[in-house]
Amino acid sequence: MSDLSSADFGETPTIEVTVYRHGEVIHRELVESEEAAAEVVERWTEEPGVECSVDDLSVHHEAGDILEPEPTALEDEYRPSAEPEV
């Protein structure tokens, strides 16, 4: 039986670039490095109305890892008073 390693197949892409036009996904591309992701972003942002997001797929999250937003603290002057105004 032969031993296979990741070197036999090359690098596995771990960064995904997602391209949006007016909020709709128009392109996704997997790349192997931050430099390659930057090149994809640079190429696509030349198009009008296009935005890109870059996600590192090598970071694994579990349900408890996602941080939930903290409730915003109201300043004292905006808190409702327990006593009615007269």
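Our subject is the structure that appears above.
Only a predicted model underlies this, so the values are computations on that prediction, with no experimental measurement involved.

Novice: Just checking my understanding: could you explain the pattern of salt bridges for this structure?
Specialist: Should their charged atoms come close, side chains of opposite charge can pair. On inspection of all chains with the given rule, the structure shows three salt bridges. One salt bridge in this structure joins arginine 21 and glutamate 47, with 3.7 Å as the shortest N-O distance. One end of the pair, arginine 21, is in strand E1 (residues 15-21); the other, glutamate 47, is in the loop between helix H2 (34-44) and strand E3 (50-56), and 26 residues separate them in sequence. Accessibility expressed as a relative area gives 30% for arginine 21, which makes it partly exposed. Classification of glutamate 47 as partly exposed rests on a relative accessible area of 37%. Among the salt bridges present, the one from glutamate 29 reaches arginine 43, with a minimum N-O distance of 3.1 Å. Here arginine 43 lies in helix H2 and glutamate 29 lies in strand E2 (residues 24-31), a separation of 14 residues in the sequence.

Novice: How should I be thinking about the side chain of threonine 18 in this particular structure?
Specialist: In this fold, threonine 18 is placed in strand E1. Apart from residues no more than four positions distant in its own chain, threonine 18 is found in contact with Val25, His27, Arg28, Glu51, Cys52 and Ser53.

Novice: Quick question: what am I supposed to make of the nonpolar core here?
Specialist: The nonpolar side chains of soluble globular proteins are, as a tendency, buried together. Counting eight residues, the largest nonpolar core consists of Ile15, Val17, Val19, Val31, Ala37, Val40, Trp44 and Val50. Elements represented by at least two residues in this core include exactly E1 and H2. Setting aside its immediate chain neighbours within four residues, valine 19 contacts Glu24, Val25, Ile26, His27, Trp44, Val50, Glu51 and Cys52.

Procedures and definitions
- Residues numbered from 1 in each chain as written.
- Predicted model: local features only at pLDDT ≥ 70, side-chain atom pairs only at ≥ 80, totals over all residues.
- Heavy atoms only, no water.
- Salt bridge = Lys/Arg side-chain N within 4 Å of Asp/Glu carboxyl O.
- Helix = DSSP H or I, 4+ residues; strand = E, 2+ residues; numbered from the N terminus.
- Buried < 20%, exposed > 50% of the residue type's maximum accessible area, 1.4 Å probe, protein only.
- Contact = heavy atoms within 4.5 Å.
- Core = buried A, V, L, I, M, F, W, Y, C linked by side-chain atoms within 4.5 Å.

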